[in-house]
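Here is how the chains run, residue by residue.
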Amino acid sequence: MMDTIVRHSRHRWTVLKLPARRMERRLTAAAHWFAEILARRGIGKIDAVFASDALNLADLRRLVPALAEKPSVVYFHAHQLPAQQTRQESPLDLINLHSASAAKEIWFNSAYHVKSFVAAAGGLIRRHAELAMRNPLPALMGKAHVIPPPVDLAFVHEMMQNQHITRKRRTIFLCTDGANNALLNTAFRTLDRRGESYNLILVGSAAHLDPEFPKRTISENDEEAQVLGLLEAGIIVSGSLDATADHHVVRALSAGCWPIVPNAAVYPEIIPDIIQPNCLYDLTADGLVSRLLDAWHLGRPEGFEPDVLKVLDSFDAIRRCKDIDQRLVQLVG
């Protein structure tokens, strides 16, 4: 998403990244890491700060006082608040709340994510009496906005025009990132027992999937191979039951690949109402199998294409980046 914003924005961006580390290391170290980088380079001309949920923005503002004067946005692509039912405490629990409080605005990638954040934050506040006395949630929600992540679909259209790929109905595109692997294993074993043939195009780790499943793996960093996989696959399956966004499914809709996804999380926002009965499954392996069999053996509804185009328009990179640019100008102004 960040690469897409930088590519299409009319502003100049200075992007600071951390090495690949576990999330708890990022939450702990990011502010200090970036403060050291800025101290060595010099801050230069900065109009605004755009941060992710992996940064303690409040700490960064303390470590680099010059940034405290600049308007800031935290984009919650995910959130790192403990689950609502969690009883154990961690020193990292409050970092996202501190970042959200320090920011001028907080942006979420989906309406589902806002609800998830509020539920998790509410549970956290109830467990901390000092927070409950001055509940920060009303103020946070007052500066919250849903900003769908820009997805570069022009790349998909170019590949569709330049590549002549035969779509295979029983080829399934599957990303394992955040997936419920137990559910996926049960579903594909059920298909095996029924004698249903299929092939998987896998993005991400296959470590927790049955090694007997017919599959080939694509790198998570190879965008071209992923788009080619979507053009080849007849179906994209998601096993992520709490996804706050899914750019693979958005690209799949653009590529003409049929989605079969959970009736939960962000997916009811992505899948047009007219095809939801054919695409959303009930979070069980049997439900997933049933949707796959329907896709292979039954006809698909007619006239859903205009609704798909409306969904895709809300993720269009040029349109979304223009909106982001304009909002940042307003914040700076």
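A brief structural summary.

About the cut-offs
Residues numbered from 1 in each chain as written. Predicted model: local features only at pLDDT ≥ 70, side-chain atom pairs only at ≥ 80, totals over all residues. Heavy atoms only, no water. 1 Å grid on protein atoms, 1.4 Å probe; cavity = no way out; pocket = protein on both sides within 12 Å on 5 of 7 lines; lining within 4 Å. Points joined across faces, edges and corners; volume = space filled by probe spheres on them. Helix = DSSP H or I, 4+ residues; strand = E, 2+ residues; numbered from the N terminus. Buried < 20%, exposed > 50% of the residue type's maximum accessible area, 1.4 Å probe, protein only. Contact = heavy atoms within 4.5 Å. Pairing = 2+ DSSP bridges. Axes fitted to C-alpha atoms, helices over the stretch in contact; angles between N-to-C directions. Nonpolar A, V, L, I, M, F, W, Y, C, P; charged D, E, K, R; others polar. Expected span 1.5 Å × (residues − 1). Lys, Arg positive; Asp, Glu negative; His and termini not counted. Salt bridge = Lys/Arg side-chain N within 4 Å of Asp/Glu carboxyl O. Polar contact = N/O pair within 3.5 Å; in protein donor to acceptor, adjacent residues only side chain to side chain.

Considering only enclosed or pocket space, the second largest pocket measures out at about 190 Å³ in volume. Considering the residues around the second largest pocket, the lining is formed by 13 residues, among which Leu253, Gly256, Phe304, Glu305 and Val308 are closest to the centre. Residue assignment for the lining of the second largest pocket shows that the elements contributing at least two residues are helix 12 (247–255), strand 9 (258–262) and helix 16 (305–315). Take the lining of the second largest pocket: its biggest share by element is 4 residues, from helix 16.

Moving on, we get to the side chain of His248. Inspection of the secondary structure assignment puts His248 in helix 12. Its relative accessible area of 8% is what places His248 among the buried residues. Those residues in contact with His248 that lie beyond four places of it in its chain are Phe173, Cys175, Val203, Gln226, Leu230 and Ile236.

This brings us to the sheet that holds strand 6 (residues 199–203). Read across the sheet, 6 strands follow the order 7-6-5-8-9-10 without closing on themselves; strand pairing throughout is parallel. Each edge of the open sheet is held by one strand with a lone partner, namely strand 7 (215–218) and strand 10 (280–281). Here helix 10 (residues 181–193) sits on the sheet in contact with strand 5 (168–175), strand 6, strand 8 (233–237) and strand 10, set at roughly 165° to strand 5. Of the strands in this sheet, strand 5, strand 8, strand 9 and strand 10 touch helix 15 (residues 285–297), which is tilted by about 145° from strand 5.

Now for empty space enclosed by the protein. By the definition in use, this model includes 1 cavity of 30 Å³ or more. Roughly 40 Å³ of internal volume is contained in the largest cavity. Lining the largest cavity, in full, are Trp258, Asn278, Asp294, Ala295, Leu298, Gly299, Arg300 and Pro301. Considering only residue class, the lining of the largest cavity consists of 4 nonpolar, 2 polar and 2 charged.

Tracing the backbone shows Ala252 in helix 12. Taking the C-alpha atoms as reference, Ala252 lies 32 Å from Lys143; in sequence the two are 109 residues apart. Discounting residues that sit within four places of it in the chain, Ala252 has contacts with Leu230, Ile236 and Cys257.

A few words on the sheet that holds strand 3 (residues 105–108). Each strand in a sheet pairs with its neighbour through backbone hydrogen bonds, running either in the same direction (parallel) or in the opposite one (antiparallel). The 4 strands lie next to each other as 1-2-3-4, forming an open sheet whose pairing is parallel. On the outer flanks of this sheet lie strand 1 (49–52) and strand 4 (144–146), each paired with one strand and no other. The sheet shows a mean angle of 25° between the axes of neighbouring strands, taken without regard to direction. One ladder, built from 4 bridges, connects strand 2 (residues 72–76) with strand 3; its direction is parallel. Opposite Val74, over in strand 3, you have Ile106 as the bridge partner. Against the sheet, helix 6 (residues 111–127) engages strand 2, strand 3 and strand 4, with an angle of about 120° to strand 3. Against the sheet, helix 17 (residues 317–332) makes contact with strand 2 and strand 3, and its axis sits at roughly 165° relative to strand 3, the strand it touches most.

Its 13 residues place the ends of helix 15 18 Å apart at the C-alpha level, agreeing with the 18 Å of an ideal helix rising 1.5 Å per residue. Inspection of helix 15 places Ala285, Gly287, Leu288, Val289, Leu292, Leu293, Ala295 and Trp296 among the buried residues, and these make up the whole buried set. Tucked into the core, helix 15 has its buried residues touching strand 5, helix 10, strand 8, strand 9 and strand 10.

Let us look at the side chain of Asp246. Residue position: Asp246 is located in the loop between strand 8 and helix 12. Despite its burial, Asp246 pairs with no opposite charge, the nearest such side chain being Arg251 at 9.7 Å. A polar contact of 3.1 Å, which involves the side chain of Asp246, links it to the backbone nitrogen of His248. Not counting residues within four places of it along the chain, the set of residues in contact with Asp246 comprises Ser238, Tyr267 and Ile270.

When charged atoms on two side chains of opposite charge get close, those side chains can pair. Enumeration over the complete set of coordinates arrives at 13 salt bridges. With a closest N to O distance of 3.0 Å, Arg7 and Asp152 form a salt bridge. Taken together, the positions of Arg7 in helix 1 (residues 2–8) and Asp152 in the loop between strand 4 and helix 9 (154–162) put the pair 145 residues apart, joining distant regions of the chain. Residue Asp152 is classed as buried on the basis of its relative accessible area of 10%. For the salt bridge of Arg22 with Glu24, the shortest nitrogen-to-oxygen distance reads 2.7 Å. By relative accessible area, Arg22 is classed as exposed at 59%. The class for Glu24 is partly exposed, based on a relative accessible area of 34%. A network of salt bridges, in which partner residues are shared, links Lys168, Arg216 and Glu232.

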